[in-house]
Amino acid sequence: MTSQLSYVRTTTDGPWGTYLSQVDRVVPYLGELARWVETLKRPKRALIVDVPIELDNGEVAHFEGFRVQHNMSRGPGKGGVRYHPDVTLEEVMALAAWMSIKNAAVNLPYGGAKGGIRVDPAKLSHKELERITRRYTSEIGIIIGPHSDIPAPDVNTNPQIMAWMMDTYSMNTGTTATGVVTGKPIHLGGSLGRVKATGRGVFVTGREAARRLSLDLSGARVAVQGFGNVGGAAAELFNQAGARIIAAQDHTGSIFNESGFDMADLMAHVKASGGVGGFKGGEVMGNEEFWDVKCDILIPAALESQITAARAKRITARLVLEGANGPTVPQADDILAERGILVVPDVICNAGGVTVSYFEWVQDFSSFFWTEDEINLRLDKIMMGALKKIWDTADRHKITLRTATFAVACERILTARKERGLYP
Ligand code: GLU
């Protein structure tokens, strides 16, 4: 019954350790379903693939690729694919597990999965990016499919990469399988509203949390880490609601403007230069100073383990909205709770992306496409409903929103697990 897996280096540090400790915290609230909790502490299936490609200079390079299906009790695997030089099996396991929790928390009919390639895509040409994507897709083609496991964009992947994945899978199966990936371009069965959906979900859950805290969004000071699809889109929506985006940080640097950035200018700068660094409408700030900025709302929307215990002691925000997956380590979570800082956890806060992925998948099967207004309205409704159930659970047990989200999600997953029964 031990959850130490022989192929995992450690269970305490890093994203997988963070995930395991989040599961441990929910056990007291699971009642008799706790009997099945071990099932959440190990992935159902993990595939490691070699991804060799020919570089433009004629050399052959090999990359490590992964696809992990953490749990499929409630439906097919679902979750993104990330391209990043630091990707590891353990990280992908944690990301897949968080997808299981997230999909169940929003009650989408999916299990959880995630994939990744250990590569810096900025160092690849367009053609090399296409080759690595196609070879990776072909290698994981033995476990993905419209009814088995449906990839989507994540860090450093985008609609073009999804188009290559969809095409490769389709060529290998002799079909046009639009439902095999989500986050596709609109002409290939993509959904309106998908690109900004994660950021929109961060805004929707953040708006509701702010209302419950009596925190007026008009004039509120917002700091955002990560200015891609998630952080950038969320920042735009908060700005439209009257908030000031006063600090921004990404891999290109950190910037500050007390009166709030001009968001149209900042978005244009990020689009043209690839990051917030060098933006003329703000002052340069030290990367570590970012965590000391006086703000009302902090949105970590970059990578895992950014809010460490040391940083949690310095954060001044009243509200933390986790746009990224796994940005807060467990010790930091406790510090934020003790300091009365409300955290809307990743597993509900950033669920807008996969929710619109679900809409995309449904639209692909029915070959009937909805308007952007319909998408945004349904997204709002689903996220508000899910958040209300989580909040009620938190109030009832006097637990954090994170543990409450895990409680709601684990109950759904483990009930399905129990009802399906143990095979054979
Ligand atoms: N990568 C996104 C996430 O972490 C979306 C996954 C999806 O749409 O399947 O939630």
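Read on for a plain summary of the structure. Predicted model only: the values in this text are computed from it and were never measured.

## Topic: the site of the ligand
Inference 1: Taken together, 14 residues sit near the ligand, with K78, K102, P153, D154 and S357 positioned nearest.
Inference 2: One of the side-chain nitrogen or oxygen atoms of K102 is found 2.6 Å away from an oxygen atom of the ligand.
Inference 3: Between a nitrogen atom of the ligand and a side-chain N or O atom of D154, the distance comes to 2.8 Å.
Inference 4: When isolated, the ligand has an accessible area of 300 Å², and the protein chains bury 96% of it.
Inference 5: Elements that contribute at least two residues to the shell around the ligand include exactly helix 2 (89-105) and helix 11 (352-366).
Inference 6: Top element by residues in the shell around the ligand is helix 11. It accounts for 3 residues.
Inference 7: Each residue belonging to the shell around the ligand can be placed in one class, and the counts come to 4 nonpolar, 5 polar and 5 charged.

## Comments concerning helix 12 (residues 372-397)
Because the α-helix completes a turn every 3.6 residues, residues three or four places apart line up on one side.
Inference 1: The end-to-end C-alpha separation of helix 12 is 38 Å, in line with the 38 Å expected for 26 residues at 1.5 Å each.
Inference 2: In the core, the buried residues of helix 12 are packed alongside helix 2, helix 5 (197-212), strand 13 (342-344), helix 10 (346-349), helix 11 and helix 13 (401-420).

## Concerning the pattern of salt bridges
Inference 1: Throughout the structure, instances matching the rule amount to 31 salt bridges.
Inference 2: The residue R9 makes a salt bridge to E90 at a minimum N-O spacing of 3.8 Å. Here E90 lies in helix 2 and R9 lies in the segment before helix 1 (14-26), a separation of 81 residues in the sequence.
Inference 3: Note on E90: relative accessible area 12%, which makes it buried.
Inference 4: Several salt bridges share partner residues, and in doing so they unite R82, E91, K114, D154 and E304 into one network.

## A look at the pairing of strand 8 (residues 244-250)
One face of the sheet, then the other: side chains in a regular strand alternate in exactly this way.
Inference 1: Of all 7 residues making up strand 8, 6 are buried, and the element is well covered by its neighbours.
Inference 2: The pairing of strand 7 (residues 221-225) with strand 8 spans 5 bridges and is parallel. From the neighbouring strand, A223 faces strand 8, where its bridge partner is A247.
Inference 3: Viewed along the sheet, the connection from strand 7 through helix 6 (residues 229-240) into strand 8 turns out right-handed.
Inference 4: Where strand 8 meets strand 9 (residues 253-256), 4 bridges bridge the pair, whose relative direction is antiparallel. Bridge pairing in strand 9 links A248 to I255.

## Topic: the nonpolar core
Side chains that are nonpolar tend, in soluble globular proteins, to be buried together.
Inference 1: Among the nonpolar cores identified, the biggest contains 92 residues, and Y19 and I299 are the most heavily contacted of them.
Inference 2: If one sorts the elements of this core by residue count, helix 2 sits on top with 12 residues.
Inference 3: Setting aside residues no more than four positions away along its own chain, I299 makes contact with V202, V222, A223, V224, Q225, A234, F238, L321 and G323.

## Thoughts on unusual backbone geometry
Excluding glycine, residues mostly carry a negative phi; peptide bonds, for their part, are mostly trans.
Inference 1: Cis rather than trans, the peptide bond between Y423 and P424 has omega equal to 10°.
Inference 2: One can find P424 in the segment after helix 13.
Inference 3: Even without glycine at this site, N107 takes up a positive phi of about 65°.
Inference 4: If you trace the backbone, N107 turns up in the loop between helix 2 and strand 5 (112-118).
Inference 5: Given a relative accessible area of 45%, N107 falls into the partly exposed group.

## Observations concerning the side chain of Q363
Inference 1: Here Q363 is to be found in helix 11.
Inference 2: Residue class for Q363 comes out buried when judged on its relative accessible area of 1%.
Inference 3: Among the polar contacts made by the side chain of Q363, one reaches the side chain of S191 at a distance of 3.1 Å.
Inference 4: Once residues within four sequence positions are removed from consideration, Q363 is found in contact with S191, F368, F369, W370 and I375.

## Focus on the packing of aromatic side chains
Inference 1: Applying the stated criterion across every chain, the model contains 11 aromatic pairs.
Inference 2: Each ring, one from Y19 and one from F406, has its centre 6.3 Å from the other, and the planes form 40°; the classification is tilted. Pair noted here: Y19 is in helix 1 and F406 is in helix 13, with a separation of 387 residues, a long-range link. Comparing Y19 with F406 shows no difference in burial state: the two are buried.
Inference 3: Judged by centre distance (6.1 Å) and plane angle (75°), the ring pair of F261 and F279 falls under edge-to-face.

## A short note on the packing of helix 1 against helix 13
Inference 1: Close contact between helix 1 and helix 13 brings their axes to 9 Å; oriented N to C, the two are set at 75°. Taken together, the axes of helix 1 and helix 13 lie roughly perpendicular to each other. Residues Y19, Q22, V23, R25 and V26 of helix 1 pack against R402, T403, F406, A407 and C410 of helix 13.
Inference 2: Residues of the contact of helix 1 with helix 13, tallied by class, amount to 6 nonpolar, 2 polar and 2 charged.

## Regarding the pairing of strand 2 (residues 60-71)
Inference 1: Of all 12 residues that make up strand 2, 9 are buried, and the element is covered over most of its length.
Inference 2: Across 10 bridges, the pairing between strand 1 (residues 45-54) and strand 2 is antiparallel. Opposite R45, over in strand 2, you have Q69 as the bridge partner.
Inference 3: Across 6 bridges, strand 2 lies against strand 5 in antiparallel orientation. Across the sheet, the residue bridging to Q69 is A113, located in strand 5.

## Observations regarding the sheet that holds strand 8
Inference 1: With mixed pairing, the 7 strands of this open sheet are ordered in space as 10-9-8-7-11-12-13. What marks the edges here is a single partner per strand, and that holds for strand 10 (283-285) and strand 13. Taking the axes of each pair of neighbouring strands and ignoring which way they run, one obtains an average angle of 20° across the sheet.
Inference 2: In the sheet, strand 11 (residues 297-300) pairs with strand 12 (residues 319-321) via 2 bridges, with the strands oriented parallel. Among the inter-strand pairings, I297 is bridged to a residue of strand 12, identified as L319.

Reading the values: the criteria
Residues numbered from 1 in each chain as written. Predicted model: local features only at pLDDT ≥ 70, side-chain atom pairs only at ≥ 80, totals over all residues. Heavy atoms only, no water. Near = heavy atom within 4 Å. Polar contact = N/O pair within 3.5 Å; in protein donor to acceptor, adjacent residues only side chain to side chain. Areas by Shrake-Rupley, 256 points an atom, 1.4 Å probe, with all protein chains shown as cover. Helix = DSSP H or I, 4+ residues; strand = E, 2+ residues; numbered from the N terminus. Nonpolar A, V, L, I, M, F, W, Y, C, P; charged D, E, K, R; others polar. Expected span 1.5 Å × (residues − 1). Contact = heavy atoms within 4.5 Å. Salt bridge = Lys/Arg side-chain N within 4 Å of Asp/Glu carboxyl O. Buried < 20%, exposed > 50% of the residue type's maximum accessible area, 1.4 Å probe, protein only. Pairing = 2+ DSSP bridges. Right-handed = clockwise from strand over helix to strand, strands pointing away. Core = buried A, V, L, I, M, F, W, Y, C linked by side-chain atoms within 4.5 Å. Phe/Tyr/Trp six-rings, centres within 6.5 Å; stacked < 30°, edge-to-face > 60°. Axes fitted to C-alpha atoms, helices over the stretch in contact; angles between N-to-C directions. Parallel < 35°, antiparallel > 145°, perpendicular 65-115°, else oblique.

It is worth stressing that arrangement in space is one thing and function is another; only the former is reported here.
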